[in-house]
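Below, each chain spelled out in residue letters.
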Amino acid sequence: MDVRIWTYVLVGLTFAIYIGIAIWSRAGSTKDFYVAGGGVPSVANGMATAADWMSAASFISMAGIISFAGRDGSVYLMGWTGGYVLLALMLAPYLRRFGKFTVPDFIGDRYYSNLARFVAVMCAIFVSFTYVAGQMRGVGVVFSRFLEVDVNLGVVIGMVIVLFYAVLGGMKGITYTQVAQYCVLIFAFMVPAIFISFQIAGNPIPQLGMGGEFQDSGVSVLDKLDGLSEELGFGAYTEGRKSTLDVFCITAALMCGTAGLPHVIVRFYTVKKASAARTSALWALLFIAILYTTAPAVAVFARTNLLRTVTDTAYSELPAWFANWEDTGLIAWVDKNGDGAIQYSAGPALETQEGDPKFKPYFRSDEAGEPLRGEHGERLLDNPPTDNANELYIDRDIMVLANPEIAQLPAWVIGLVAAGGLAAALSTAAGLLLVISTSVAHDLVKKTMAPDLSEKGELVLARCAAGVAVVIAGYFGVKPPGFVAQVVAFAFGLAASSFFPAIILGIFSKRTTMAGAVSGMIVGIVFTGSYIIYYKFVNQDAEPWFGISPEGIGTFGMVINFVVAVLVSRATPPPPPEVVDLVDRVRLPRAAFGEEDSGPVAH
Amino acid sequence: MDKPNLPDAAAKASYWRHNLGWLAGLLVIWFLVSYGCGILWVDQLDKIRIPGTGFKLGFWFAQQGSIYVFVLLIAVYVKVMNGLDRKLLGGRAD
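The present account deals with the structure reproduced in this document. (Residues numbered from 1 in each chain as written. Chains lettered and ligands numbered in written order. Predicted model: local features only at pLDDT ≥ 70, side-chain atom pairs only at ≥ 80, totals over all residues. Heavy atoms only, no water.)

### Some details on the overall build of chain B
Stage number 1. If you tally the helices and strands in chain B, you get three helices and zero strands.
Stage number 2. In chain B, the succession of α and β elements from N to C terminus is α-α-α.
Stage number 3. Against the compact-globule benchmark of 12 Å for 94 residues, chain B has a radius of gyration of 19 Å, which places it well outside the compact range.
Stage number 4. Each principal axis of the C-alpha distribution contributes one length, and for chain B these read about 65 × 20 × 15 Å.
Stage number 5. Across the 94 residues that make up chain B, the buried fraction comes to 49%.
Stage number 6. Taking contacts inside chain B between residues at least 6 apart in sequence as the whole, the part at least 24 apart equals 54%.
Stage number 7. As presented, chain B carries roughly 4,800 Å² of accessible surface, and 68% of it is formed by carbon and sulfur atoms.
Stage number 8. A distance of 5 Å separates the average location of the 10 positive side-chain charges in chain B from that of its 6 negative side-chain charges. (Helix = DSSP H or I, 4+ residues; strand = E, 2+ residues; numbered from the N terminus. Rg over C-alpha atoms; globule rule 2.2 N^0.38 Å. Buried < 20%, exposed > 50% of the residue type's maximum accessible area, 1.4 Å probe, protein only. Contact = heavy atoms within 4.5 Å. Areas by Shrake-Rupley, 256 points an atom, 1.4 Å probe, with all protein chains shown as cover. Lys, Arg positive; Asp, Glu negative; His and termini not counted. Charge placed at Lys NZ, Arg CZ, Asp CG, Glu CD.)

### Notes on the interface of chain A and chain B
Stage number 1. Each side of the interface is counted separately: chain A has 55 residues, and chain B has 47 residues.
Stage number 2. When the two sides are added together, the surface that chain A and chain B hide from each other amounts to roughly 4,400 Å², 70% of it contributed by carbon and sulfur.
Stage number 3. Together, Arg71(A), Leu89(A) and Arg278(A) form the three largest contributors to the area buried by chain A at its contact with chain B, with a combined 15%.
Stage number 4. Summed over the shared surface of chain A and chain B, the number is six salt bridges.
Stage number 5. Where chain A meets chain B, there are 13 residue pairs in polar contact (both at pLDDT 80 or more).
Stage number 6. Counting residues per element, the ones that place at least two in the side of chain A that touches chain B are helix H5 (74–98), helix H10 (221–231), helix H11 (244–260) and helix H13 (274–310) of chain A.
Stage number 7. For the side of chain A that touches chain B, the leading source of residues is H5(A), giving 13 residues.
Stage number 8. Of the residues belonging to the side of chain A that touches chain B, the class tally is 31 nonpolar, 15 polar and nine charged. (Buried area = accessible area lost by both parts, 1.4 Å probe. Salt bridge = Lys/Arg side-chain N within 4 Å of Asp/Glu carboxyl O. Polar contact = N/O pair within 3.5 Å; in protein donor to acceptor, adjacent residues only side chain to side chain. Nonpolar A, V, L, I, M, F, W, Y, C, P; charged D, E, K, R; others polar.)

### Topic: the packing of aromatic side chains
All names here are of chain A.
Stage number 1. Scanning all chains against the criterion turns up 29 aromatic pairs over all chains.
Stage number 2. Measuring from centroid to centroid gives 5.1 Å for Tyr 76 and Trp 80, while their planes differ by 45°, and the two rings are tilted. On the criterion of helical spacing, the pair formed by Tyr 76 and Trp 80 is a turn pair, its members being four residues apart in helix H5.
Stage number 3. Centroid distance Tyr 534 to Tyr 535: 4.9 Å. Interplanar angle 90°. Geometry classified as edge-to-face.
Stage number 4. A connected cluster of aromatic rings, assembled from ring pairs, spans Trp 53, Tyr 76, Trp 80, Tyr 84 and Phe 492.
Stage number 5. When the ring centre of Phe 363 is taken as reference, the NZ or CZ atom of Arg 379 above it lies at 4.7 Å.
Stage number 6. Geometry around Phe 593 places Arg 585 over its ring, the cationic atom sitting 4.7 Å from the centre. (Phe/Tyr/Trp six-rings, centres within 6.5 Å; stacked < 30°, edge-to-face > 60°. Lys NZ or Arg CZ within 6 Å of the ring centre and 35° of its normal.)

### Quick notes on the pattern of salt bridges
Stage number 1. Considering all chains together, one arrives at 13 salt bridges over all chains under this definition.
Stage number 2. Salt-bridge contacts for Asp43(B) lead to Arg71(A); the nearest nitrogen and oxygen are separated by 3.1 Å. Taken together, the residues span two chains, with Asp43(B) in helix H2 (residues 42–45) and Arg71(A) in the loop between helix H4 (56–69) and H5.
Stage number 3. We classify Asp43(B) as partly exposed; its relative accessible area is 44%.
Stage number 4. In this structure, Lys56(B) and Asp226(A) form a salt bridge, with 3.7 Å as the shortest nitrogen-oxygen distance. With Lys56(B) in the loop between H2 and helix H3 (57–88) and Asp226(A) in helix H10, the pair connects residues from two separate chains. Assigned by exposure class, Lys56(B) and Asp226(A) land together as buried.
Stage number 5. When salt bridges with common partners are traced through the structure, they connect Arg71(A), Asp43(B) and Asp46(B) into a single cluster.

### Some words on the nonpolar core
Inside soluble globular proteins, nonpolar side chains tend to come together where they are buried.
Stage number 1. Core analysis: the largest hydrophobic core is formed by 225 residues, its most contacted members being Trp53(A), Tyr292(A), Phe322(A) and Ile503(A).
Stage number 2. Setting aside residues no more than four positions away along its own chain, Tyr292(A) makes contact with Trp53(A), Met54(A), Ser58(A), Met62(A), Tyr76(A), Leu77(A), Trp80(A), Thr81(A) and Ile67(B). (Core = buried A, V, L, I, M, F, W, Y, C linked by side-chain atoms within 4.5 Å.)

### Section: unusual backbone geometry
Trans is the prevailing form of peptide bonds, just as negative phi is the prevailing case for residues other than glycine.
All names here are of chain A.
Stage number 1. Of note, the phi angle at Tyr 112 is positive, near 35°, even though the residue is not glycine.
Stage number 2. Assignment of secondary structure puts Tyr 112 in the loop between helix H6 (103–110) and helix H7 (114–147).
Stage number 3. Relative accessible area serves as the criterion here: at 30%, Tyr 112 is assigned to the partly exposed category.
Stage number 4. If you check the backbone angles, Asp 312 has positive phi at about 55° while not being a glycine.

### Re a nonpolar patch on the surface
All names here are of chain B.
Stage number 1. On the surface, Val 28, Phe 31, Leu 32, Leu 40 and Trp 41 cluster together into a nonpolar patch covering about 430 Å² of accessible area.
Stage number 2. Turning to its location among the elements, Phe 31 is positioned in helix H1 (residues 9–40).
Stage number 3. Taking the relative accessible area as the measure of exposure, Phe 31 reaches 33% and is therefore partly exposed. (Patch = residues over 30% accessible without salt bridge, like charges linked within 9 Å, V, L, I, M, F, W, Y side chains within 5 Å.)

### Let's talk about the environment of Phe198(A)
Residue and element names in this part refer to chain A.
Stage number 1. Within the secondary structure layout, Phe 198 lies in helix H8 (residues 151–201).
Stage number 2. With 16 residues separating them in the primary sequence, Phe 198 and Phe 214 have C-alpha atoms 9.9 Å apart.
Stage number 3. Once residues lying within four places of it in the same chain are set aside, the contact partners of Phe 198 are Asn 203, Pro 204 and Gln 215.

### With respect to the packing of H7(A) against H8(A)
Residues and elements named next belong to chain A.
Stage number 1. Running from N to C, H7 and H8 cross one another at 120°; their axes reach a closest spacing of 7 Å. In terms of their interaxial angle, H7 and H8 are classed as oblique. The interaxial crossing formed by H7 with H8 has right-handed handedness. Counted together, Met 136, Arg 137, Val 139, Gly 140, Val 141, Phe 143 and Ser 144 of H7 and Val 151, Asn 152, Gly 154, Val 155, Ile 157, Gly 158 and Met 159 of H8 form the full contact between these two elements. (Axes fitted to C-alpha atoms, helices over the stretch in contact; angles between N-to-C directions. Parallel < 35°, antiparallel > 145°, perpendicular 65-115°, else oblique. Left-handed = near helix turned anticlockwise from the far one by under 90°.)

### A look at the side chain of Thr258(A)
Stage number 1. Looking at where Thr258(A) falls in the secondary structure, it is placed in helix H11.
Stage number 2. Ignoring any residue separated from it by four or fewer positions in sequence, one finds Thr258(A) in contact with Trp53(A), Gly79(A), Trp80(A), Gly83(A), Tyr84(A), Leu87(A), Val264(A) and Phe492(A).

### What to know about the environment of Lys336(A)
Residues and elements named next belong to chain A.
Stage number 1. With respect to the helices and strands, the residue Lys 336 is situated in the loop between strand S1 (331–333) and strand S2 (392–394).
Stage number 2. The exposure class of Lys 336 is partly exposed, given its relative accessible area of 28%.
Stage number 3. Put simply, Lys 336 and Ala 389 are 53 residues apart on the chain and 7.4 Å apart in space, counted from C-alpha to C-alpha.
Stage number 4. Here Lys 336 is in contact with Ala 349, Pro 385, Thr 386, Asn 388, Ala 389, Asn 390 and Glu 391, once residues within four sequence places are set aside.
Stage number 5. Separated by 3.1 Å, the side chains of Lys 336 and Thr 386 make a polar contact.

### A look at H3(B)
Stage number 1. Gln64(B) marks the point of greatest bend in H3(B), at about 50°.
Stage number 2. A positive backbone phi angle near 65° is found at Gly90(B), which sits one or two residues after H3(B). (Bend = angle between axes of the 7 residues up to and from the residue.)

### Describing the environment of Ser569(A)
Residues and elements named next belong to chain A.
Stage number 1. Its place among the elements puts Ser 569 in helix H22 (residues 554–571).
Stage number 2. Measuring from C-alpha to C-alpha, the distance between Ser 569 and Glu 317 comes to 69 Å, with 252 residues separating the pair along the chain.
Stage number 3. The residues touching Ser 569, leaving out its near neighbours within four places in the chain, are Arg 511, Thr 512, Thr 513 and Gly 516.
Stage number 4. A polar contact is formed between the side chain of Ser 569 and the backbone nitrogen of Thr 513, at a distance of 3.1 Å.

Structure follows, in structure tokens:
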């Protein structure tokens with residue numbers, strides 16, 4: 001069977017499983033819809049959290065980013081896993097004991113204010129939309145690259161699938177499909193990684209193979225890669241290029257942002273009790289760590305393979321995958337010195353077309369739409385070449401997508417990668433859409449605008465909100481606004497500088513008042529938001545403040561939030577006794593007050 | 001209202017104090033392995049190689065080791081808190 005058929009079979013099979021699960025796990029009540037009935041086993045919740053968390057970006061792009069960034073890529077590895085320690089130790093069990101449906105619920109009740117609730121709802125919706133647009137695009141991209149379906153049709157297919165199980169099953173449907181999606185995506189990520197590790201280093205465990213030696217020459221893989229990279233002018237792979245302060249700030253912003261992301265926190269509301277919230281955070285990080293410790297190994301192997309294959313190789317002698325991926329625009333070559341061979345070195349090979357926010361290759365074609373080719377058979381480009389020696393443009397996504405082909409793995413492995421990428425994108429999209437629909441139906445309408453809405457009415461409203469959110473997300477997927485890639489920094493910075501301090505102080509400091517928390521959140525968001533907007537949109541060439549990139553500024557926003565919240569709280573009268581009582585109850589097991597913990601309650 | 005087997009105020013305060021103590025200890029380790037070994041001292045640690053492998057120690061902490069330690073930290077916390085829960089509730093789990 002060829003790659004196309006395998007891909008159709010594997011993608012079709014996994015989609016059938018997701019739909020089957022959705023029908024089996026329909027939601028009957030708001031509690032089912034928002035928190036899956038509150039009785040999800042820890043292991044299942046751990047898997048669902050892992051799938052929820054690991055998006056198209058983790059699956060498709062992360063290994064590629066690391067493979068180009070070398071040691072600096074560890075900001076993502078540590079930043080996106082270390083947050084789970086904060087979650088398990090400082091957030092999840094307490095929020096679970098609080099026993100409501102959402103993060104804005106906690107903020108609203110703990111800070112006895114609908115204003116605080118409203119600020120939290122707006123942050124939750126903004127963060128989730130920023131994120132979900134990228135996921136829908138990811139679905140479209142996987143479809144177009146592996147099945148040669150139009151990107152937009154791919155987005156629509158993805159929308160229909162998500163719509164089906166999110167609207168029908170709510171959190172319950174999403175949770176159990178995410179369990180299936182985790183299994184698909186981790187299998188799809190690990191199989192090529194194990195194959196390649198075995199091929200290169202003779203060790204089937206990628207985490208060990210990465211530190212191993214080449215089977216043929218006995219040279220250490222990392223030493224060889226350092227050497228190759230330095231020769232080509234990239235600098236040693238295992239050495240950093242970013243400043244220590246910048247790496248520190250980005251890691252901290254990603255960690256605290258992770259711990260403050262509403263679609264991650266809400267997963268811990270679905271388990272039976274606080275102790276189960278702790279256990280499922282452990283399972284979640286364990287399941288995430290399998291992918292996150294493999295990704296740097298994939299990065300090393302893929303980079304080594306790439307450098308060894310393309311450097312000074314004549315175009316006519318390149319393996320077939322090069323031309324295949326050239327057609328998808330992920331790789332492009334311009335023969336600057338006219339020797340017919342590829343010279344790959346540091347710096348961009350081609351200029352960005354005027355008006356494009358980001359580099360995109362434009363291939364030339366004749367009037368009939370046939371691609372124009374140069375004398376060696378390469379696709380010709382409209383982008384003017386730069387004046388450095390580098391002749392090769394490579395999109396970082398190719399490191400995962402083309403990895404099986406570069407390593408000459410069987411056709412079914414390539415189909416598996418497509419199914420895995422779709423699983424990663426769909427699971428994250430569904431989780432985010434649920435946060436949006438919950439925020440609208442529960443926090444905005446039920447809690448602030450129409451408190452006497454019946455449960456049935458709320459459930460209908462939640463389903464409609466999920467439907468509308470899918471359509472809006474799909475629209476952004478079809479017509480991605482140019483700023484999408486740039487606002488991802490926002491999602492983490494915003495979560496770190498708004499929710500994270502408000503929740504931590506809400507649990508650990510009884511003295512924190514409404515005025516303190518609200519002013520802290522507002523100052524944190526405004527500071528972080530204006531820094532990011534200034535350096536990302538207004539003045540992109542300005543030297544950042546202390547060399548801190550916009551991705552890392554959330555750390556400062558968070559510190560400012562903490563300081564403001566504490567100072568303002570001291571200056572305002574203490575919170576009312578019932579709030580102090582609420583905090584006491586969140587800190588101890590329910591049973592210590594002679595109460596049964598029967599899961600979240602609506603009213 | 002008064003149930004004979006409920007923990008008293010002192011037991012509750014002690015539970016919370018122990019919780020905070022463990023939190024502080026585990027978070028110090030969390031900070032040391034990630035921000036310490038993986039970022040601040042990475043260049044010094046890179047002078048050491050993990051015997052038998054191609055890994056420089058700082059690089060290994062940044063891309064592998066810190067993640068393994070994170071998993072361990074949560075595992076320890078789960079175990080400790082389950083113990084504290086049982087102690088507070090007179091042998092019953094939460």
